[in-house]
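The chain contents come next:
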Amino acid sequence: MHIVHTIAELRAHLAGFERPAFVPTMGNLHDGHIALVKQAKPLGDVTVSSIFVNRLQFAPNEDFDSYPRTLDADAQRLEEAGCNVLFAPREKELYPEPQTYKVHPATDLSDILEGHFRPGFFIGVSTVVLKLFSCVFAGMPGGVAAFGKKDYQQVLVVRRMIAQFALPIEVLAGETQRASDGLALSSRNSYLSQAEREEAAQLSIALRALSQAARASDSPDLPALEAQAMQALARRGWKPDYLTVRRRTDLLAPQAPMAQEPLVVLGAAKLGNTRLIDNLEF
Ligand code: PAF
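Since the model is a prediction, treat every value here as computed from it, not as a measurement. (Residues numbered from 1 in each chain as written. Predicted model: local features only at pLDDT ≥ 70, side-chain atom pairs only at ≥ 80, totals over all residues. Heavy atoms only, no water.)

Right, let's talk about the overall build of the protein for a bit. In terms of regular secondary structure, the protein is built from 11 helices and nine strands. For a compact globule of 282 residues, the expected C-alpha radius of gyration is about 19 Å, and the protein comes in at 19 Å, within 12% of that figure. If one aligns the C-alpha atoms of the protein with their principal axes, the spans along those axes are about 55 × 40 × 35 Å. Residues classed as buried in the protein amount to 53% of the 282 residues present. Long-range contacts, defined as pairs at least 24 residues apart, comprise 73% of the intrachain contacts of the protein with a sequence gap of at least 6. On the protein, roughly 13,200 Å² of surface is accessible, and the fraction owed to carbon and sulfur atoms is 52%. With 29 positive and 32 negative side-chain charges, the protein shows a separation of 1 Å between the mean positions of the two kinds. (Helix = DSSP H or I, 4+ residues; strand = E, 2+ residues; numbered from the N terminus. Rg over C-alpha atoms; globule rule 2.2 N^0.38 Å. Buried < 20%, exposed > 50% of the residue type's maximum accessible area, 1.4 Å probe, protein only. Contact = heavy atoms within 4.5 Å. Areas by Shrake-Rupley, 256 points an atom, 1.4 Å probe, with all protein chains shown as cover. Lys, Arg positive; Asp, Glu negative; His and termini not counted. Charge placed at Lys NZ, Arg CZ, Asp CG, Glu CD.)

Now the structure itself:
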């Protein structure tokens, strides 16, 4: 595997290939990232991953400075997974000057849920993803980009950006990988204390219970069920931002009757100082 730090080196290593399979990450890789690399690999003629902790998607009070940076261990795991090129740019390479041109995604999708609780988050994500796409895919007839469904809203935001900018990129949305107790794998799980780690699976348990309650009737009182689910987590010491049932297509609230509608239940809640997110399609 080649490890490159500049856009010029990246492009030199991609010359001669026609269809990159690309897995963008912020590093501190876990089995979810590795599963994405393995799924993406057969879909392209060269497998590329990036590691870049993107300042633009962190609010000033968030964990940009403390976000775990584990490049050597990550590089080893990527190599073992069959990645061909790792792009690990320094901040000055991707943002040589302040990034004043930014992608502002559609607010109906990007100002709700994560975007409501993390204002500007999807502007930061969309901007860096478009920039990474331009580093990897410029001059290519097409390619594949892989994202994990744990960041469900991010997948929708990126898909819509690709469609609206007519980028020749297919999205592979990988299933969330889970620990044996159901906790969704996440780089931020490493922040949890042992006691918090034991509690953490309660978020996925609460989401499953909410999805079952929502399917129990054709016209459920979703706001009431969602409030109960949040209260139950709060009683265990969590600080929930949202637990909510949405349509998979646009993340808006479903209308009754919703028997046939493909739905997803999404949640975000803080356990101690760690904010966890998760979702389940149902
Ligand atoms: O999902 C992530 O790790 C990040 O949001 C991404 C897509 C790599 C952009 O920084």
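Structure's up, so let's keep going.
On to the pattern of salt bridges. Counted according to the given criterion, the structure contains 15 salt bridges. Among the ionic pairs, Glu62 bridges to Arg118, the shortest N-O distance being 2.8 Å. Remark: Arg118 occurs in the loop between helix H6 (114-117) and helix H7 (121-137) and Glu62 occurs in the loop between strand S3 (46-51) and helix H3 (71-81); sequence separation between them is 56 residues. Here Arg178 ties to Asp278 by a salt bridge, and the two come within 2.9 Å at their closest N and O atoms. With Arg178 in the loop between strand S6 (169-174) and helix H9 (194-200) and Asp278 in strand S9 (residues 274-281), this pair connects stretches of sequence that are 100 residues apart. (Salt bridge = Lys/Arg side-chain N within 4 Å of Asp/Glu carboxyl O.)

This part is about the site of the ligand. All residues adjacent to the ligand are Pro24, Thr25, Met26, Asn54, Gln57, Val128, Val129, Phe147 and Gln154. A distance of 2.8 Å separates an oxygen atom of the ligand from a polar atom in the side chain of Gln154. Its free accessible area being 290 Å², the ligand has 89% of it covered by the protein chains. Here the shell around the ligand is built from residues that sort into five nonpolar, four polar and no charged. (Near = heavy atom within 4 Å. Polar contact = N/O pair within 3.5 Å; in protein donor to acceptor, adjacent residues only side chain to side chain. Nonpolar A, V, L, I, M, F, W, Y, C, P; charged D, E, K, R; others polar.)

In this section: unusual backbone geometry. With a phi close to 50°, Ala166 is a non-glycine residue in the positive phi region. Mapped onto the secondary structure, Ala166 falls in the loop between helix H8 (152-164) and S6.

In this section: the UniProt feature "binding site: beta-alanine" (unreviewed entry) in the protein. This chain's UniProt record puts "binding site: beta-alanine" (unreviewed entry) on Gln57. Structurally, Gln57 can be placed in the loop between S3 and H3. On the accessibility criterion, Gln57 (9% relative accessible area) is buried. In this view, Gln57 contacts Met26, Glu62, Arg118, Phe121, Gly124, Val125 and Val128; residues no more than four positions away in its chain are not counted. (UniProt positions renumbered as here; feature names shortened; annotations may be inferred.)

Time to look at the packing of aromatic side chains. Scanning the entire structure with this criterion turns up nine aromatic pairs. With a centroid separation of 4.8 Å and 65° between ring planes, the pair formed by Phe121 and Phe122 is classed as edge-to-face. A single burial state applies to Phe121 and to Phe122, both of which are buried. Taking the centre distance of 5.6 Å and the plane angle of 70° together, the rings of Phe133 and Phe137 count as edge-to-face. Here Phe133 pairs with Phe137, and both are found in helix H7, just four residues apart, close to one helical turn. (Phe/Tyr/Trp six-rings, centres within 6.5 Å; stacked < 30°, edge-to-face > 60°.)

Two numbers describe how helix H2 (residues 31-40) lies on H3: the axes approach to 9 Å, and their chain directions differ by 35°. When the axes of H2 and H3 are compared, the crossing they make is right-handed. Contact with H2, carried on its side by Asp31, Ile34, Val37 and Lys38, involves Arg77, Leu78 and Ala81 of H3 and no other residues of that element. Per-class residue counts for the contact of H2 with H3 are four nonpolar, no polar and three charged. (Axes fitted to C-alpha atoms, helices over the stretch in contact; angles between N-to-C directions. Left-handed = near helix turned anticlockwise from the far one by under 90°.)

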